[in-house]
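Given next are the chains, with one letter for each unit.
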Amino acid sequence: MKTPSALAMVPFVSVDHMMKLVHSIGLERVLSDLATYIEQDFLRWDLFDKTPRVASHSAEGVIELMPTSDGEVYGFKYVNGHPKNTRDGLQTVTAFGLLANVSNGYPVLLSEMTILTALRTAAMSALAAKHLAPKGATTMAMIGNGAQCEFQATAFKAVCGIDTVRLFDVDAAATKKAARNLADSGLKVISCTSPEEAVAGATIITTCTADKQYATILTDNMVGSGVHINAIGGDCPGKTELHKDILLRSEIFVEYPPQTRIEGEIQQLAPDHPVTELWQVFSGQTKGRKSDRQITLFDSVGFAVEDFSALRYVRDQLTHSGLFLELDMLADPDDPRDLFGMVRRAAPAVAA
Ligand code: NAD
């Protein structure tokens, strides 16, 4: 039987490879590199095919496909969001993704993206904050201490230079876990017993909770002037974290308005409420923070271009890291039109 040609073999980066990759490069370096890759792609925003992600909702959660292309490479991510999963010992968010050549449609990378999503979400948050948070911000409140939490804290240290994180979660065990994981991170870690205590003295507030309904993690009186809010957890229709009054006092920055209007905090506002697209800030076309007293809000939902950037980064590490398997994923007959013949020739020999 013919062995698959190199073209037909698709590099696959497993969860184990991804963890080894993070350790071989260093977590903070990976987060900084991902922020750079995302910024590069946001600077060529016009090139990308853009569409709100395709979401399949159920009572328990959502399953989504997130496609995009820059004209040369196509990518998509499969991702779910099931807030009740942790009760059954499962992740709220799991994901995998793929890159393909636009010229022939052949996949060139398949990768786990559960870890990569946490990395890219943290990198994107920190990148937005680099442009929006008050200069010299050193303290971040981190509300919601689940799977994304430590990645967020580490990215803000690596990209924005924070030195203190104030943790709060309704589940004290989650805060304990995050404090333990961040103990040797170089951050000063303060565990708090209420969201009010967590935001005290913080110039950056990250909300990263999971609930399949409108929730009010932050009320208006908890947010003082000059704060930057990084709202990650509200990322589905009917799933938000901030009181509407906070939105009305904030300058709101988004990834891709047609998707954020459906999924973000701004689903609580009029459909024409003004928002600023982050690519315009990164490119210098629009100013980010305009005054010390302004409240800036990154209404994060996670957009396909960020996953594309993350997969592009992983692909660029393949050759020197060697951290991948080759998957026999594409049929490769000698004569491209003789697919049937290839299957026929693969029949097990019949015993005489
Ligand atoms: P997770 O389930 O691991 O953690 C969520 C944490 O929030 C839990 O520890 C829970 O106890 C806590 N929590 C729930 N309600 C709370 C409240 N009222 N106050 C304080 N804490 C509360 O989930 P995760 O993987 O960390 O993801 C968190 C959220 O971020 C999810 O909603 C997910 O969909 C979203 N997310 C967004 C992006 C993005 O790009 N914007 C990317 C990944 C995940």
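So, here is what we can say about the structure in this document. (Residues numbered from 1 in each chain as written. Predicted model: local features only at pLDDT ≥ 70, side-chain atom pairs only at ≥ 80, totals over all residues. Heavy atoms only, no water.)

### Quick look at the overall build of the protein chain
Reasoning step 1: The helix and strand tally for the protein chain stands at 11 helices and 15 strands.
Reasoning step 2: Scaling as 2.2 N^0.38, a compact globule of 352 residues should have a C-alpha radius of gyration of about 20 Å, and the protein chain matches this with 22 Å.
Reasoning step 3: Counting only C-alpha atoms, the protein chain reaches 85 × 40 × 40 Å along its principal axes.
Reasoning step 4: Considering the protein chain as a whole, with its 352 residues, one finds that 52% of them fall into the buried category.
Reasoning step 5: Across the protein chain, the fraction of contacts at a sequence separation of at least 24, relative to all contacts at a separation of at least 6, is 72%.
Reasoning step 6: Total accessible area computed for the protein chain in this model is approximately 16,000 Å², and 55% of it derives from carbon and sulfur atoms.
Reasoning step 7: A gap of 2 Å separates the mean positions of the 32 positive and 42 negative side-chain charges of the protein chain. (Helix = DSSP H or I, 4+ residues; strand = E, 2+ residues; numbered from the N terminus. Rg over C-alpha atoms; globule rule 2.2 N^0.38 Å. Buried < 20%, exposed > 50% of the residue type's maximum accessible area, 1.4 Å probe, protein only. Contact = heavy atoms within 4.5 Å. Areas by Shrake-Rupley, 256 points an atom, 1.4 Å probe, with all protein chains shown as cover. Lys, Arg positive; Asp, Glu negative; His and termini not counted. Charge placed at Lys NZ, Arg CZ, Asp CG, Glu CD.)

### Regarding the packing of helix 3 (residues 114–132) against helix 10 (residues 304–321)
Reasoning step 1: Following both chains from N to C, one finds helix 3 and helix 10 inclined at 115 degrees, their axes separated by 10 Å at the closest point. Judged by the twist between their axes, the crossing of helix 3 over helix 10 is right-handed. Of helix 10, the residues touching helix 3 (which contributes Leu116, Thr117, Arg120 and Met124) are Glu306, Asp307, Ala310, Leu311 and Val314. (Axes fitted to C-alpha atoms, helices over the stretch in contact; angles between N-to-C directions. Left-handed = near helix turned anticlockwise from the far one by under 90°.)

### With respect to the packing of aromatic side chains
Reasoning step 1: Using the criterion set out here, one finds 7 aromatic pairs in the structure.
Reasoning step 2: A ring pair is formed by Tyr37 and Tyr313, whose centres lie 5.1 Å apart and whose planes are at 80 degrees; its orientation type is edge-to-face. Here Tyr37 is found in helix 2 (residues 27–42), whereas its partner Tyr313 is found in helix 10, with 276 residues between them in sequence. Here Tyr37 matches Tyr313 in class, with each residue buried.
Reasoning step 3: Summarising the aromatic geometry, the rings of Phe42 and Trp45 are spaced 4.7 Å apart at their centres and angled 45 degrees between planes, so their arrangement reads as tilted.
Reasoning step 4: One aromatic cluster is present, formed by Phe42, Trp45, Tyr256, Phe282 and Phe303 through successive ring pairs. (Phe/Tyr/Trp six-rings, centres within 6.5 Å; stacked < 30°, edge-to-face > 60°.)

### Side note on the nonpolar core
Reasoning step 1: Residues Phe42, Leu116, Leu119, Met124, Leu167 and Leu278 are the most contacted members of the largest nonpolar core, which totals 68 residues.
Reasoning step 2: With 11 residues, the single largest contributor to this core is helix 3.
Reasoning step 3: Every residue in contact with Leu116, bar those within four places of it in the chain, is listed here: Met18, Ala310, Leu311 and Val314.
Reasoning step 4: Ile143, Cys192, Val223 and Ala231 belong to the second largest nonpolar core, which has 25 residues in total. (Core = buried A, V, L, I, M, F, W, Y, C linked by side-chain atoms within 4.5 Å.)

### Considerations on helix 4 (residues 149–160)
Reasoning step 1: The end-to-end C-alpha distance of helix 4, which contains 12 residues, comes to 16 Å, matching closely the 16 Å that a straight helix rising 1.5 Å per residue would cover.
Reasoning step 2: Where helix 4 terminates, the next one or two residues include Gly161, which has phi positive at roughly 80 degrees. (Expected span 1.5 Å × (residues − 1).)

### Structural notes on the sheet that holds strand 5 (residues 95–101)
Reasoning step 1: What the 7 strands build is an open sheet, ordered 2-3-4-5-6-1-15; its pairing is mixed. Each having just a single partner strand, strand 2 (54–57) and strand 15 (325–328) make up the two edges of the open sheet. In this sheet, adjacent strand axes meet at a mean angle of 20 degrees when their direction is disregarded.
Reasoning step 2: Alignment of strand 5 against strand 6 (residues 107–112), held across 5 bridges, turns out to be antiparallel. (Pairing = 2+ DSSP bridges.)

### Some remarks on the pairing of strand 4 (residues 73–81)
Two faces belong to every sheet, and in a regular strand the side chains alternate between them.
Reasoning step 1: The pairing of strand 3 (residues 62–69) with strand 4 spans 8 bridges and is antiparallel. Paired with Thr68 across the bridge in strand 4 is Gly75.
Reasoning step 2: A loop of 3 residues connects strand 3 with strand 4, the two strands running antiparallel in sequence, and Gly71 in this loop sits at a positive phi of about 100 degrees.
Reasoning step 3: Sheet topology places strand 4 next to strand 5; 7 bridges connect them, and they run antiparallel.

### Observations regarding the site of the ligand
Reasoning step 1: Around the ligand lies a shell of 25 residues, among which Thr92, Ala147, Asp169, Lys239 and Ser300 are the nearest.
Reasoning step 2: Thr209 is positioned with one of its backbone polar atoms (N or O) 3.0 Å from an oxygen atom of the ligand.
Reasoning step 3: One nitrogen or oxygen atom from the side chain of Asp235 is found 2.9 Å from an oxygen atom belonging to the ligand.
Reasoning step 4: The protein chains hide 87% of the 870 Å² of surface that the ligand would expose on its own.
Reasoning step 5: Taken together, the residues of the shell around the ligand break down into 10 nonpolar, 10 polar and 5 charged. (Near = heavy atom within 4 Å. Polar contact = N/O pair within 3.5 Å; in protein donor to acceptor, adjacent residues only side chain to side chain. Nonpolar A, V, L, I, M, F, W, Y, C, P; charged D, E, K, R; others polar.)

### Here we look at the state of the cysteines
Reasoning step 1: Under the defined criterion, the tally for this structure stands at 0 disulfides.
Reasoning step 2: This cysteine, Cys149, is not joined by any disulfide, and Cys208 carries the nearest cysteine sulfur, 7.2 Å off. (Disulfide = S-S within 2.5 Å.)

### Description of helix 3
Reasoning step 1: Taking 1.5 Å as the rise per residue, helix 3 with 19 residues should run 27 Å; its terminal C-alpha atoms sit 27 Å apart, in good agreement.
Reasoning step 2: With respect to burial, helix 3 is a largely interior element, 16 of its 19 residues being buried.

### Quick look at the side chain of Thr240
Reasoning step 1: With respect to the helices and strands, the residue Thr240 is situated in the loop between strand 11 (228–231) and helix 7 (244–249).
Reasoning step 2: Beyond its immediate chain neighbours, meaning those up to four positions away, Thr240 contacts Gln213, Tyr214, Ala215, Gly234, Gly264, Glu265, Gln267 and Gln268.

### Remarks on the pairing of strand 9 (residues 188–191)
Reasoning step 1: In the sheet, strand 8 (residues 164–168) pairs with strand 9 via 4 bridges, with the strands oriented parallel. For Thr164, the partnering residue across the bridge sits in strand 9 and is Lys188.
Reasoning step 2: Taken together, strand 8, helix 5 (residues 172–181) and strand 9 constitute a β-α-β crossover, and its handedness is right-handed. (Right-handed = clockwise from strand over helix to strand, strands pointing away.)

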